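Geometric and topological summary
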Amino acid sequence: MLVAGVDVGNSTTEIAVARLTPGAPPDFLGVWRAATTGAKGSTACAAAVSELVARAERRLGEPVFRLLLAELDPVDTGLIELGRLEELDLARNAVVRPVSETPSGAGAAGGRLRRLGELDGEPGPEAVLAIVLDEDFEDAAAHLRTARERGHRIAGVIVQGDDAVLIGNRFDRGLPIVDEVPDAAILPSGALAALEVAVAGASVSELCDPLQLAELLRLGPDEARAARHAARAVAGRRTALVVREAGMSSPAAETIDTTVRLLFADGSAAVLDEREAPPPPGSVTALRGAAGVHEGVLDAFWCRLPEPPEDPGLRRRLQRRRALALAVLARGDSSALLETLALGTPGGVEVVCRESFAAVLGAGTTPRAGTTPFVIDIGGGTVDLHREDQAVVTAGAGELVTRICQGLLGVGRDVAERAKRHRAARVETPFVLHHEDGSRTFLGEPAPPVALAHLCVLAGGPPEPLATTLAPEVWGGLRRSAKQAVIGRNVRRAIDAAGGVPRGELVTLVGGCASDPEVIDAVAAELGDLDVAVARGNVLGRHGPRAAVAVGLVLAYAAAP
């Protein structure tokens, strides 16, 4: 009969299908994987499992008789923006963060927001920040020239498209003009606003100063103190725009609760301090506050976003933002998932063992490994260690690194995942790449125009541009630091909780993250003082570090009496 070991991970679901014959070892016929659908252990996961089983059955030409699963505990992974929680009410200041990397001009200015059509009337006594929406850049420049000739004092321009330089060249090259402002169409006409463009290579200096911002927005002394939230939000950026909203009240900004409260196994409680290291696994039993409510917690892990010493502007912005990468492992109930899967499986579904035990069996199929007393499974949600009859599971792994990359780059999850796994380079010319180590190489085919002058992910296809001004060397260092801070640190937490590892012992790494050479380097560096051999598993001699749990579930089931 055919059985399938099913590893439902926080990010990826894998199945290993084998034929079981009495008196013979399992004959493994294939391994398949897909993205996990829904939270780990929930009924939504059945969609991915069923799709993988159907794919295997089509390939093998016969049905899978029984599904073999492990005990499932989900991990909630996220990025808690403590700084941004403060900014939900910016004390009469609404912040717009232009994504433009090619503004025009330089300097800071304040004035009333006016659309181009409003500049046809008589000029007023106040300075104006003109808003250009879908107008052609030639028409917009001509309109601005006419308005200035009529007496309007145009202090700056806000452009919805990407025409800042084109408009500046035809109107005023020295005037601060920002473009690619997605919220331009909803900016309140007539409201006071402040705009700044820094020179190339620098960041704003006026709008990130609460008193200077207060001067530009005509705020009173009390409001100037509250403007620190808006100033914090734009610090470290080359372009910034802050709008004064008369309808917002200042006291609300001071009442937002940004704390995360921890409840411990000994009955005590404390406010999470992001500067402190997480306690050992099993110490935290519940969380409250800005991170939501989590009961039945098995482990909680957090770390701050890495800060590059070579980029003071970004470092300042990250420090003020107080972003916290947080992963929470809670006890799960997968009974509904098992019932759902059993409905379409002739031989039903069986929970065979813990994931960590299955990982040991799967890792043991690595050629030359022999016995594997220390196996560390690095997945999307957890780092799992198995030592003889002892298992330690820590929260936070590959998915938490992805969330950190999202926070650093300001991109979507899929782009952040590729940026986490692949090296990057800046496209200096259509044929020249500037790499993370400072070297330069030539492209055989010209890079797409959209990639020029951008940091790009090199994932095998054309360079994929990222919406960031980070230098390749800075981004490479941040990416590796994130892997060290999350995965390297959690491996050490697991080993310390297990009582250490003998000098000279073999530590075998499996799981999807173990296919990343930078993760191997991070773990080896973290365990350097222990003098252990860190190796990557090769399940069944052909699947690399992946599918260890799925294969191990089949082996455990076959060995059961």
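A short tour of the structure in this document, coming up. (Residues numbered from 1 in each chain as written. Predicted model: local features only at pLDDT ≥ 70, side-chain atom pairs only at ≥ 80, totals over all residues. Heavy atoms only, no water.)

**Let's talk about unusual backbone geometry**
Positive phi outside glycine occurs at arginine 218, with the angle close to 60°. Tracing the backbone through its elements, the reader meets arginine 218 in the loop between α5 (210-217) and α6 (221-226). Exposure remark for arginine 218: the relative accessible area of 43% places this residue in the partly exposed category. Of note, the phi angle at arginine 368 is positive, near 75°, even though the residue is not glycine. If you trace the backbone, arginine 368 turns up in the loop between α10 (355-363) and β19 (374-378). (Helix = DSSP H or I, 4+ residues; strand = E, 2+ residues; numbered from the N terminus. Buried < 20%, exposed > 50% of the residue type's maximum accessible area, 1.4 Å probe, protein only.)

**Focus on empty space enclosed by the protein**
One pass over the full model with this rule turns up three cavities of 30 Å³ or more. By volume, the second largest cavity is sized at about 50 Å³. Elements with a minimum of two residues in the lining of the second largest cavity: α11 (398-409), α12 (413-421) and α13 (472-497). Per-class residue counts for the lining of the second largest cavity are four nonpolar, one polar and four charged. (1 Å grid on protein atoms, 1.4 Å probe; cavity = no way out; pocket = protein on both sides within 12 Å on 5 of 7 lines; lining within 4 Å. Points joined across faces, edges and corners; volume = space filled by probe spheres on them. Nonpolar A, V, L, I, M, F, W, Y, C, P; charged D, E, K, R; others polar.)

**Structural notes on the packing of α11 against α12**
What describes two packed helices is the angle between their axes and the distance between those same axes. Two numbers describe how α11 lies on α12: the axes approach to 8 Å, and their chain directions differ by 105°. Considering their axes alone, α11 and α12 lie roughly perpendicular with respect to each other. Contact residues: Gly398, Glu399, Val401, Thr402, Cys405, Gln406 and Leu409 in α11; Arg413, Ala416, Glu417, Ala419 and Lys420 in α12. Broken down by class, the residue content of the contact of α11 with α12 amounts to five nonpolar, three polar and four charged. (Axes fitted to C-alpha atoms, helices over the stretch in contact; angles between N-to-C directions. Parallel < 35°, antiparallel > 145°, perpendicular 65-115°, else oblique. Contact = heavy atoms within 4.5 Å.)

**Structural notes on the sheet that holds strand β22 (residues 424-429)**
Spatially, five strands are ordered β24-β23-β22-β25-β26 in an open sheet, and the strand pairing comes out antiparallel. Edge positions in the sheet fall to β24 (440-442) and β26 (464-465), since each of these pairs with one other strand and no more. (Pairing = 2+ DSSP bridges.)

**A look at the environment of leucine 287**
Here leucine 287 shows up in strand β15 (residues 284-289). Judged by relative accessible area, leucine 287 falls into the buried class, the value being 0%. Each C-alpha atom, one on leucine 287 and one on alanine 270, is 9.9 Å from the other, the two residues being 17 residues apart in sequence. Ignoring any residue separated from it by four or fewer positions in sequence, one finds leucine 287 in contact with Val260, Arg261, Leu262, Gly292, Val293, His294, Val297, Ala300, Leu326 and Val328.

**Here we look at the packing of α13 against helix α14 (residues 517-526)**
The N-to-C vectors of α13 and α14 enclose an angle of 55°; their axes lie 8 Å apart at closest approach. Here α13 lies oblique to α14, going by the angle between them. Every pair of crossing elements has a handedness; the one defined by α13 and α14 is right-handed. Of the residues in α14, those in contact with Arg479, Arg480, Lys483, Gln484, Ile487, Gly488, Arg489, Val491 and Arg492 of α13 are Glu518, Val519, Ala522, Val523, Ala525 and Glu526. Looking at the contact of α13 with α14 residue by residue, the classes come out as six nonpolar, two polar and seven charged. (Left-handed = near helix turned anticlockwise from the far one by under 90°.)

**So, the pairing of strand β20 (residues 382-387)**
With five of six residues buried, β20 is to be regarded as a mostly interior element. Here β19 runs beside β20; their pairing, made up of five bridges, is antiparallel. Paired with isoleucine 378 across the bridge in β20 is valine 383. In this structure, the hairpin formed by β19 and β20 is closed by a connection of three residues. The hairpin formed by β20 and strand β21 (residues 390-395) contains two residues between the paired strands, and glutamate 388 there has a positive phi angle of roughly 55°.

**So, the sheet that holds strand β3 (residues 27-35)**
Within the open sheet, the five strands sit side by side as β3-β2-β1-β4-β18. Their pairing is mixed. Two strands bound the open sheet, and with one partner strand each, they are β3 and β18 (349-353). Within the sheet, the average angular offset between the axes of one strand and its neighbour, ignoring direction, is 25°. Pairing geometry for strand β1 (residues 2-8) and strand β4 (residues 66-70), over four bridges, is parallel. In the strand pairing of β4, alanine 4 is matched with leucine 67. Packed onto the sheet, helix α1 (residues 46-60) meets β1, β2 (12-19), β3 and β4 and runs at close to 140° relative to β3. Packing against the sheet, helix α9 (residues 335-343) makes contact with β4 and β18, and its axis sits at approximately 130° to β18.

**Considering a negative patch on the surface**
A cluster of acidic residues, Asp134, Glu135, Asp136 and Asp139, forms a negative patch on the protein surface. The residue glutamate 135 is located in the loop between β8 (128-132) and α3 (137-150) in this model. (Patch = residues over 30% accessible without salt bridge, like charges linked within 9 Å, V, L, I, M, F, W, Y side chains within 5 Å. Areas by Shrake-Rupley, 256 points an atom, 1.4 Å probe, with all protein chains shown as cover. Salt bridge = Lys/Arg side-chain N within 4 Å of Asp/Glu carboxyl O. Lys, Arg positive; Asp, Glu negative; His and termini not counted. Charge placed at Lys NZ, Arg CZ, Asp CG, Glu CD.)

**Details of the pattern of salt bridges**
Taken as a whole and judged by the stated rule, the model has 33 salt bridges. Across the pair arginine 114 and glutamate 118 runs a salt bridge whose closest N-O atoms are separated by 3.8 Å. Taking relative accessible area as the criterion, arginine 114 reaches 27% and is therefore assigned partly exposed. Two residues, aspartate 516 and lysine 483, come together in a salt bridge whose shortest N-O distance is 2.6 Å.

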